[in-house]
Amino acid sequence: MQDLNNQNSVFNTYKFPWLTDSKLEQGLVDTSLFPIYISDKDVETVKKVAEFFSQQDPFLELPDKALPNGVASGDTTQTSAVLWTRSSVPGVVIFEYATNPNFQNAKAAITYTTNPAQPVKVQLQDLSPGTDYYYRAIDTSGSNSSGKLHTSAPLATYAGLTFGVSGDWRGDLNPYPAISNADESNLEFFVELGDTILADSPSPTVPVEQAKTLQEFRDKHKEVYSDRFGINTWSDLRSSTSILATIDDHEVTNDFAGGAPAASDPRFETTNGLINETELYRNGLQAFVEYNPIRNDFYGATGDLQTEGKPKLYRYNTYGSDAATFVLDTRSFRDEELPGVTNPFDSNQIAEFLARSFDIDPATGQPSEKRRTLLGQAQLNQFKQDLLKAEHDGITWKFITIPEPIQNLELVGARDRYEGYAAERTELLKFIDDNNIQNVVFIAADLHGTIVNNLTYQLGPGQPQIATSAFEVITGPVADTPFAPFSIETGAQLGFLPPEQKAFYDSLPVIYDADSIPNDKDDFFKQSLDAQLTPLGYDPIGLNNNLASANDLIDAKLVQGDYLSTTTYGWTKFGIDSQTQKLTVTTYGIPYYTQAELEANPSAITSYTPTIVSQFEVNPNLSFIG
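Residues numbered from 1 in each chain as written. Predicted model: local features only at pLDDT ≥ 70, side-chain atom pairs only at ≥ 80, totals over all residues. Heavy atoms only, no water.

**Side note on the packing of aromatic side chains**
In the structure shown here, the tally under the stated rule is 26 aromatic pairs. An angle of 75 degrees between the planes, with centres 6.1 Å apart, marks the rings of Tyr-225 and Trp-234 as edge-to-face. Both residues of the pair, Tyr-225 and Trp-234, count as buried. Ring centres of Phe-345 and Phe-496 lie 5.9 Å apart, and the angle between their planes is 65 degrees; on these two criteria the pair is classed as edge-to-face. Remark: Phe-496 occurs in the loop between helix H10 (483-493) and helix H11 (499-507) and Phe-345 occurs in the loop between strand E12 (323-327) and helix H7 (347-357); sequence separation between them is 151 residues. Looking at Phe-345, the relative accessible area reads 64%, which means it is exposed. Among the aromatic residues, ring-to-ring pairing joins Phe-163, Phe-189, Tyr-319, Trp-397, Phe-399 and Phe-574 into one connected group. The residue whose ring lies beneath Arg-136 is Phe-103, and the NZ or CZ to ring-centre distance is 3.9 Å. Positioned over the ring face of Tyr-421 is Arg-372, at 4.2 Å from the centre of the ring. (Phe/Tyr/Trp six-rings, centres within 6.5 Å; stacked < 30°, edge-to-face > 60°. Buried < 20%, exposed > 50% of the residue type's maximum accessible area, 1.4 Å probe, protein only. Helix = DSSP H or I, 4+ residues; strand = E, 2+ residues; numbered from the N terminus. Lys NZ or Arg CZ within 6 Å of the ring centre and 35° of its normal.)

**What about the pattern of salt bridges?**
What the rule picks out here adds up to 38 salt bridges. A salt bridge links Arg-415 to Asp-255; its shortest N-O distance comes to 3.9 Å. In this pair, Arg-415 sits in the loop between strand E13 (397-402) and helix H9 (422-434) while Asp-255 sits in the loop between strand E10 (242-246) and helix H6 (279-290), placing the two residues 160 residues apart along the sequence. Connected via shared salt-bridge partners are Asp-248, Asp-255, Arg-331, Arg-334, Glu-337, Glu-404, Arg-415 and Asp-416. (Salt bridge = Lys/Arg side-chain N within 4 Å of Asp/Glu carboxyl O.)

**Describing the side chain of Asp-359**
Its location among the elements puts Asp-359 in the loop between H7 and helix H8 (377-392). For the buried Asp-359, which has no salt bridge, the nearest side chain bearing the opposite charge is Arg-372, at an N-O separation of 4.4 Å. The residues touching Asp-359, leaving out its near neighbours within four places in the chain, are Gln-366, Pro-367, Ser-368, Lys-370, Arg-371, Arg-372 and Ala-423. (Lys, Arg positive; Asp, Glu negative; His and termini not counted. Contact = heavy atoms within 4.5 Å.)

**What about the sheet that holds E12?**
Strand order in this open sheet of seven strands is E11-E12-E13-E14-E16-E15-E18, and the pairing throughout is mixed. The open sheet has two edge strands with one neighbour each: strand E11 (315-319) and strand E18 (564-565). Where E12 meets E13, five bridges bridge the pair, whose relative direction is parallel. Across the sheet, the residue bridging to Val-327 is Thr-401, located in E13. Those strands touched by H9 are strand E14 (440-444), strand E15 (450-457) and strand E16 (466-474), and its axis lies near 80 degrees from that of E15. (Pairing = 2+ DSSP bridges. Axes fitted to C-alpha atoms, helices over the stretch in contact; angles between N-to-C directions.)

**Regarding helix H4 (residues 214-224)**
Given 3.6 residues to a turn, an α-helix orients residues that are three or four positions apart in the same direction. Buried residues dominate H4, accounting for nine of its 11 residues. Among the residues of H4, those classed as buried are Leu-214, Phe-217, Arg-218, Asp-219, Lys-220, His-221, Lys-222, Glu-223 and Val-224.

**Looking at the nonpolar core**
Phe-383, Leu-387, Phe-442 and Ile-451 are the most contacted members of the largest nonpolar core, which has 54 residues in total. Tallying contributions element by element places H8 first for this core, with five residues. With residues near it in sequence (within four places) discarded, Phe-442 still touches Ile-400, Ile-402, Ile-406, Leu-428, Leu-429, Ile-432, Leu-455, Phe-471, Glu-472 and Val-473. Membership of the second largest hydrophobic core comes to 47 residues, among which are Ala-178, Phe-256, Leu-280 and Ile-605. (Core = buried A, V, L, I, M, F, W, Y, C linked by side-chain atoms within 4.5 Å.)

**Thoughts on the packing of H8 against H9**
For any two helices packed against each other, the geometry comes down to the angle between their axes and how far apart the axes lie. The geometry of H8 relative to H9 is characterised by a closest axis approach of 11 Å and an angle of 15 degrees between their N-to-C directions. For the element pair H8 / H9, the angle class is roughly parallel. Like other packed secondary-structure pairs, H8 and H9 cross with a definite hand, here right-handed. The residues of H9 that touch H8, namely those facing Leu-380, Phe-383, Lys-384, Leu-387 and Leu-388, are Glu-424, Glu-427, Leu-428, Phe-431 and Ile-432. Split into classes, the residues belonging to the contact of H8 with H9 amount to seven nonpolar, no polar and three charged. (Parallel < 35°, antiparallel > 145°, perpendicular 65-115°, else oblique. Left-handed = near helix turned anticlockwise from the far one by under 90°. Nonpolar A, V, L, I, M, F, W, Y, C, P; charged D, E, K, R; others polar.)

**Thoughts on the sheet that holds strand E3 (residues 91-98)**
Backbone hydrogen bonds are what pair the strands of a sheet, in a parallel or an antiparallel way. Spatially, E4-E3-E6-E7 is the arrangement adopted by the four strands of the open sheet, whose pairing is antiparallel. Looking at strand neighbours, the two that pair on one side only are strand E4 (107-113) and strand E7 (144-150), the edges of this open sheet. Ignoring which end each strand starts from, the neighbouring axes of this sheet average 20 degrees apart. Pairing between E3 and strand E6 (residues 132-139): six bridges, direction antiparallel. Residue pairing across strands places Tyr-97 opposite Tyr-135, the latter belonging to E6. Of the strands in this sheet, E6 and E7 are in contact with helix H5 (residues 233-240), which crosses E7 at around 50 degrees.

**Some thoughts on a nonpolar patch on the surface**
Judged by side-chain polarity, Phe-345, Leu-494 and Phe-496 come together as a nonpolar surface patch covering roughly 330 Å² of accessible area. Counting through the fold element by element, Leu-494 comes out in the loop between H10 and H11. (Patch = residues over 30% accessible without salt bridge, like charges linked within 9 Å, V, L, I, M, F, W, Y side chains within 5 Å. Areas by Shrake-Rupley, 256 points an atom, 1.4 Å probe, with all protein chains shown as cover.)

**Some words on unusual backbone geometry**
A cis amide bond links Gly-476 to the next residue, Pro-477, at an omega of 5 degrees. For Pro-477, the location among the structural elements is in the loop between E16 and H10.

**Details of the environment of Leu-280**
With respect to the helices and strands, the residue Leu-280 is situated in helix H6. Under the relative-accessibility criterion, Leu-280 is labelled buried at 10%. If near-sequence neighbours (up to four positions away) are discounted, Leu-280 is found in contact with Gln-210, Ala-211, Lys-212, Phe-217, Val-252, Arg-267 and Phe-268.

Dropping the structure here:
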């Protein structure tokens, strides 16, 4: 390789100390480094750097689109943001950003790529609060792509807030018409809430049962963020609004527990250390962090093997005094999951699971030696501190994004949700209750459907439910088999659902109504869920049909549809009114489709337009303000 610092005066002028021969040759350029800022008068000079690189290989064949995944921004705060792109051409990548779409008085940041499969990122730290910024990426080939972000407002500002959330999509179902209206919804940010790829399932680009190499994981992410049938809905959305992102299990492999011993799960092919120290986990996490516009953060010396020195996906940010967001990682540090309930009619199996979920030995009735965790102690401690801070700072709404639900649901599958870690679940909800932290909303994905319910907890198995003023909205999927059809089909195959009931469900239409009469698919499924909740003393689905202890704790009104929608693909929008602080939650959906249907008639599927399938309003408790 030529000595770049001596080949052109541009390099001598700007003295890029990190851009050394050895780093380039070894692929060690750290794209998370702070960018080099250049004034507007020098932007043309920076472009000459890109031109210089393009001239180094006269035989270089450039692709039709050298920025195939567009651009994105993320982890945006009052004063900082991460900009992201992927260039398929090795060389310099320049990010320009300004407060106007004409890029007058623009600043620029540069980075470099040696691997077309590895995206690049820069972190901006000189931004102004509550401001629109326009940015664009320019690579060595001259290809460019542009985007927009909005920095969050400072405290004591009530500007209102609108954001979106979803999770769960597969590569074979790209291009995701379920989110085709999200880029036009004037969102401040969008949360990608896990299962952003299916690493453990074949897809057109990576037709293997389980991605294992870093390249295979990267290819999985490239697949979902690339054009298909001439459409790229994720690029449209990620360029129009900032992204917050965290993982669930399928970024690595199904139902894994990162804080468990590697020897407990043969899929990780080692008996040494913890699962979050294995090659499979590291490859999955590296690709996820690379393909999302987020900071490369790590835990420090926590004194805890589960978290110390590990990647940190937890995020906390505020948006004026309207809202605070908490992005949780519920996968990387969790202890080994319990044996699951396989028969929901087996009372002994249920009793044993519930006892163990509360860290009680069912044989003795005494507390177990180990306290099991879902979040890891370091993340849980920081989360509690930030919750208290948000409340003390007078922030109205606290949105906790959590990949797996925290509400009580049916027991089959509970081992993988917060219900399987009931002792820590109770600790967290009791903390919110004891500290009178108001207007708390958990937002989850993973179940492939919308289910809304208030949150209660117990001090132990079989004890009374203690109601809180918090509630949860489960949302999604963007594109993966919805909850109701999957559960109905599985229940019928296992013999839990009689054939005549399965036939009755199949005969029902899809109607988004507010009643609970089982004359449509969602209401049939809602009735079946409530039938499993009632014997356990759990709260029925919805915010207006509660246990007596929960009545009047949440001031909610159903506007359209129901608190359950489990037959569609879609996403959910959250909007806070700047004057009243009223929260409006709107879920959009399209009919769900299969890979075969998409490939047989792409235009029919991609023309689907998301419509409202559920909408409700919640008035906040404002007694703590002023």
